[in-house]
Amino acid sequence: MAESHGETKAGAHTEADGGQHGGGFPPFDSSTFASQLVSLVIAFVALYIIVSRFALPRVGGVIEARQNVIEGDLAQAQKLKDESEAALKAYEAELAAARSRAQAIGNEAREKMNAAAEAERKSLEEKLAVRLGDAEKQIAATRTTAMSNVRGIAADAAAAIVQQLTGAAPDGKAVSKAVDASLKG
Amino acid sequence: MKIDPIHQFNIEPLFTIGHIGNQTIAFTNSSLYMFLTVALISVLMLGSGRQLIPGRFQSMAEITYEFVASTIRSTAGAEGMRFFPLIFTLFMFICVSNLVGIIPYTFTVSSHIIVTAALALLVFFTVIVYGFYKNGLKFFKIFVPSGVPIYILPLVVFIEVFSFLLRPVSHSVRLFANMLAGHIALKVFAGFVAMLGVSLGAVGWIGGVMPLALTVALTALELLVAFLQAYVFAILTCIYLNDAIHPGH
């Protein structure tokens, strides 16, 4: 039967050479079907086994491994991001605590300073009040002295005036009584 | 000079393997290209690197993997992934053999109806066997669309059964006819270049620029068709298998 192929081949060639391809259209030449089918089955089954046993697990494994690496990296990145956010939060909390502490220290210092200033002011005021009292006392004393002097001068002047007008020296007691009365009036 | 656009489809026996009954089983040029296709796919899928960051060659293997996988997921759902090896094998076998066939002087495996019919019947019987295996008699639901009034149901069921039985025909003839017609057109236009040159001399060679340009354009188109027909074959396989996985429209 090997010749049947040979004949087909020869026939096809003759037709091709003769330029007539009415009868032997190769795709419809059933004598070649069995050969093609056998080759196709062998090739296709071989390819199916190669693809399903080796090629797809291999390539799929590589893709999956890459996917895992990417997911792992993303998870790692997320973890690091969370960590940095936590650190930032801790830093902010620390900063806020430090700020409030500084505020407290400032307030305390200010209160202390205010208290000290207040105390100083009080003592100063007391001192000033004492000196003011002293000064007032002195002024009052000076004034009393001055007033008594004025009374003496007024009595002398009155006696002198009376003597000048009457020609007789008045009674000292009467003069001083009259001066006192006019000073009070 | 005679141009024979059919000559490229000739099956040339290279040597005889054996006999089945009274049929001679020969290793033909078609067999050679089938095994070449298998070898090329194996080199692509097994020879590519396993780097974390893929190179060009590895990317190609991974892109084909992802492409077929996403095609199955989008048409047949996650359950369709159990047919991933089958669909990947079909797609790659057709795609690579079609692409190899575009190279001048090569042979296109899928330009023979027996090859495409065998592949289409493989899909057809896979759908039937898996459909009954998974769904039992509920598989017949694919012939009974829901929401159809009872008085036109017999007609609809008849049409559904008929179209189901015609599937392997359209499935195989689409691929076969596309490959056959494309290669004949290429051969005819390429033949014009030589014919013009031989018959008209210098004027003919200059005039041959036009069919030559057309041949180049057709080659580009055929590249697209080679890929597209493999994709269409694969996606139809997915759609048919989806019927087996989820019968009842």
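Residues numbered from 1 in each chain as written. Chains lettered and ligands numbered in written order. Predicted model: local features only at pLDDT ≥ 70, side-chain atom pairs only at ≥ 80, totals over all residues.

**Q** Which residues make up the overall build of chain B, and what values go with them?
**A** Assigned secondary structure in chain B consists of seven helices and two strands. In sequence order, the secondary structure elements of chain B are arranged as β-β-α-α-α-α-α-α-α. With the principal axes as the frame, chain B shows a C-alpha extent of 70 × 55 × 45 Å. Buried positions account for 35% of the 249 residues belonging to chain B. Long-range pairs, those at least 24 residues apart, make up 65% of the contacts in chain B between residues at least 6 apart in sequence. (Helix = DSSP H or I, 4+ residues; strand = E, 2+ residues; numbered from the N terminus. Buried ≥ 20, exposed ≤ 12 C-beta atoms within 10 Å, placed from the backbone. Contact = placed C-beta atoms within 7 Å.)

**Q** Go over the interface of chain B and chain A, please, and point to the residues and values.
**A** Taken together, the contacts link 46 residues of chain B with 40 residues of chain A. For the side of chain B that touches chain A, the elements supplying multiple residues, two or more each, are strand 1 (13-20), strand 2 (23-28), helix 1 (29-47), helix 2 (56-76), helix 3 (84-102) and helix 4 (113-135) of chain B. Tallying contributions element by element places helix 1 of chain B first for the side of chain B that touches chain A, with nine residues. When its residues are assigned to classes, the side of chain B that touches chain A shows 27 nonpolar, 14 polar and five charged. (Nonpolar A, V, L, I, M, F, W, Y, C, P; charged D, E, K, R; others polar.)

**Q** Which residues make up the nonpolar core, and what values do they have?
**A** All names here are of chain B. Grouped together as the largest cluster of nonpolar side chains are 51 residues, with contacts concentrated most on Ile87, Leu90, Phe91, Ile94 and Ala234. For this core, the leading source of residues is helix 3, giving ten residues. Beyond its immediate stretch of four places on either side in the chain, Ile94 contacts Ser110, Leu175, Gln229, Ala230 and Phe233. Counting six residues, the second largest nonpolar core, distinct from the first, contains Leu186, Phe189, Ala190 and Leu218. (Core = buried A, V, L, I, M, F, W, Y, C linked by C-beta atoms within 7 Å.)

**Q** Describe in detail the pairing of strand 2 of chain B, supporting the description with residues and values.
**A** Residue and element names in this part refer to chain B. As defined by bridge partners, strand 1 adjoins strand 2 across six bridges and the pair is classed as antiparallel. Bridging across to strand 2, Gly18 finds its partner in Ile25. Counting the residues that bridge the hairpin from strand 1 to strand 2 gives two residues, and of these Gly21 lies at a positive phi of roughly 60 degrees. (Pairing = 2+ DSSP bridges.)

**Q** Got a sec to walk through unusual backbone geometry? Specific residues and values, please.
**A** All names here are of chain B. One non-glycine residue, Tyr105, lies in the positive phi region at around 75 degrees. Mapped onto the fold, Tyr105 is located in the loop between helix 3 and helix 4. Judged by the 5 C-beta atoms lying within 10 Å of it, Tyr105 falls in the exposed class.

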